[in-house]
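Understanding the architecture of this molecule
The lines below spell out each chain.
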Amino acid sequence: MRPAFLLLLAHWLLGCIAVLSQDVFVYDQQSSTTDWAPYCGGVFSPGTPPGQGQSFTPSLSAVGFIQLKLKDAFPGNSTGAIMQIDLRSDSITGPLLGTSLPVEMADGFTGTADFLFAPEIAVTPEVMYYFEFRVTAGDFWCVDAMEHVYNYPRGTAIVMGRPDPSGDVWFREGIVIPEPSTGAFLLIGLAAIALRRRK
């Protein structure tokens, strides 16, 4: 009976750790460290032609997320939006490496959105890649981009399919590392005490 109980306890603990784990975002590249409210550098909707995004040069061997600063272009009309990011190689219209999970934003949203790639996408460090953002449903949405402000040295904004050397999109990219939370460690400690008392 004891081995069966221990096996069940082990499965339960692993499940609790998975539920209680907290993802840690490890930044690889970012165009800026500024923390001001999103600036409306470009307005996009489901009807916007493709070819809008940013080039970047990762130093890690994978991309697990891309963060953008966004805001509703017409808040108060009860319409949100859904956005996704395509990661491409060679150019903004090059081979598609992967698409992020969709991000749904409520009417009036302003802030930073996390676009997650599950699973993360393998890339070659020090090679330029391109991400293209798309509003797939809903309202007009602003993406934070500025000329002569962010000055990201390892890429540039892409507008209507062409590089814009004077501008950059506000972005961060990197990998996501799952990390057990304090609660998970507490559960493990309690289980260890319980097992010791049983002996």
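Here, the structure is the one placed above.
Given the structure is predicted, the values throughout are model-derived calculations rather than measurements.

1. Overview of the overall build of the chain
A count of helical and extended segments in the chain gives 2 helices and 15 strands. In the chain, buried positions account for 41% of the 199 residues. Taking the intrachain contacts of the chain between residues at least 6 apart in sequence as the baseline, contacts between residues at least 24 apart amount to 83%. Of the roughly 10700 Å² of accessible surface on the chain, 61% is carried by carbon and sulfur atoms.

2. Some points on the side chain of R88
Looking at the secondary structure, you find R88 in strand β5 (residues 81–89). At 3.3 Å, the side chain of R88 and the backbone oxygen of I92 are in polar contact. Within the local environment of R88, its side chain forms a polar contact with the backbone oxygen of G94, the two atoms lying 2.8 Å apart. If we ignore the near neighbours within four places in the chain, the residues touching R88 are T93, G94, P95, L96, L97, Y129, Y130 and E132.

3. Remarks on a nonpolar patch on the surface
Where nonpolar side chains cluster on the molecular surface, the patch consists of V43, F74 and F140 and spans about 280 Å² of accessible area. Note on placement: F74 falls in the loop between β4 (62–72) and β5.

4. Focus: the nonpolar core
Judged by nonpolar contacts, the single largest core of 27 residues is most densely connected at L68, L70, M83, L87, F131 and F133. Looking at this core, the elements with two or more residues in it are β4, β5, β7 (103–105), β8 (110–122), β9 (129–138) and β10 (141–143). Contact partners of F133, with chain neighbours within four places excluded, come to F44, Q52, G53, L68, M83, Q84, I85, V143 and V169.

5. Brief notes about the state of the cysteines
A covalent bond between the sulfur atoms of two cysteines is referred to as a disulfide. Taken as a whole and assessed by the stated rule, the structure comprises 1 disulfide. Disulfide pairing places C40 opposite C142 at an S-S distance of 2.0 Å. As the torsion about the S-S bond is roughly -70°, the C40-C142 disulfide counts as left-handed. Of this pair, C40 sits in the loop between β1 (22–30) and β2 (42–44) while C142 is found in strand β10, placing the two residues 102 residues apart along the sequence.

6. Things to note about unusual backbone geometry
The omega angle of the peptide bond from A118 to P119 is 0°, so this bond is cis rather than trans. Inspection of the secondary structure assignment puts P119 in strand β8. Despite not being glycine, H148 has its phi angle at roughly 55°, a positive value. One non-glycine residue, M160, lies in the positive phi region at around 55°. Looking at where M160 falls in the secondary structure, it is placed in the loop between β12 (157–159) and β13 (162–164).

7. Section: the packing of aromatic side chains
All told, the structure shown has 9 aromatic pairs when counted by the stated rule. Considering the side-chain rings of F56 and F171, the 6.1 Å spacing of their centres and the 55° angle between planes classify their relative orientation as tilted. Of this pair, F56 sits in strand β3 (residues 53–56) while F171 sits in strand β15 (residues 171–179), and the two are 115 residues apart along the sequence. Here F56 matches F171 in class, with each residue buried.

8. A look at the side chain of S55
Its place among the elements puts S55 in strand β3. Accessibility expressed as a relative area gives 2% for S55, which makes it buried. Within the local environment of S55, its side chain forms a polar contact with the backbone nitrogen of T156, the two atoms lying 2.8 Å apart.

9. Regarding the pattern of salt bridges
Scanning the model with the defined rule gives 4 salt bridges in all. In this structure, E126 and R154 form a salt bridge, with 2.8 Å as the shortest nitrogen-oxygen distance. A residue pair is termed long-range when its members are at least 10 positions apart, and E126 in the loop between β8 and β9 and R154 in the loop between β11 (145–147) and β12 qualify at 28 residues. Classification of R154 as partly exposed rests on a relative accessible area of 26%. Here the salt bridges share partners, and the residues they tie into one network are D86, R88, E132 and R134.

Quick notes on the rules
Each chain carries its own residue numbering, running from 1 in the direction its sequence is written. Given that the model is predicted, a residue must reach a pLDDT of at least 70 before its local features are reported, and side-chain atom pairs must reach 80 or more before they are shown or counted; all residues, however, enter totals for whole chains, interfaces and linings. Excluded from the side-chain calculation are hydrogens and water; included are all heavy atoms of the structure. The secondary structure listing takes helices from DSSP runs of H or I that are at least 4 residues long and strands from runs of E that are at least 2 residues long, numbered from the N terminus. Buried, partly exposed and exposed residues are distinguished by accessible area as a fraction of the type maximum, computed with a 1.4 Å probe on protein chains only: under 20%, between the cut-offs, and over 50%, respectively. What makes two residues a contact is simply this: any of their non-hydrogen atoms within 4.5 Å. Per-residue and other accessible areas were derived by the Shrake-Rupley procedure at a 1.4 Å probe size, with only the shown protein chains allowed to occlude residues. Here a polar contact is recorded for every N or O atom pair within 3.5 Å, except that within protein the pair must consist of a potential hydrogen donor and a potential acceptor, and residues adjacent in sequence are included only if both atoms are side-chain atoms. Surface patches are drawn from residues lacking salt bridges whose relative accessible area is over 30%; two like charges belong together within 9 Å, two nonpolar side chains (Val, Leu, Ile, Met, Phe, Trp, Tyr) within 5 Å. We define a salt bridge as a contact between a side-chain nitrogen of Lys or Arg and a carboxyl oxygen of Asp or Glu at a distance within 4 Å. Take the buried residues of types Ala, Val, Leu, Ile, Met, Phe, Trp, Tyr and Cys, join any two whose side-chain atoms come within 4.5 Å, and each joined set is a nonpolar core. Pairs of cysteine sulfur atoms within 2.5 Å are what we label disulfides. Ring pairs shown here join Phe, Tyr and Trp side chains whose ring centres sit within 6.5 Å, with only the six-membered ring taken for Trp; geometry is labelled stacked below 30 degrees between planes, edge-to-face above 60, and tilted in between.

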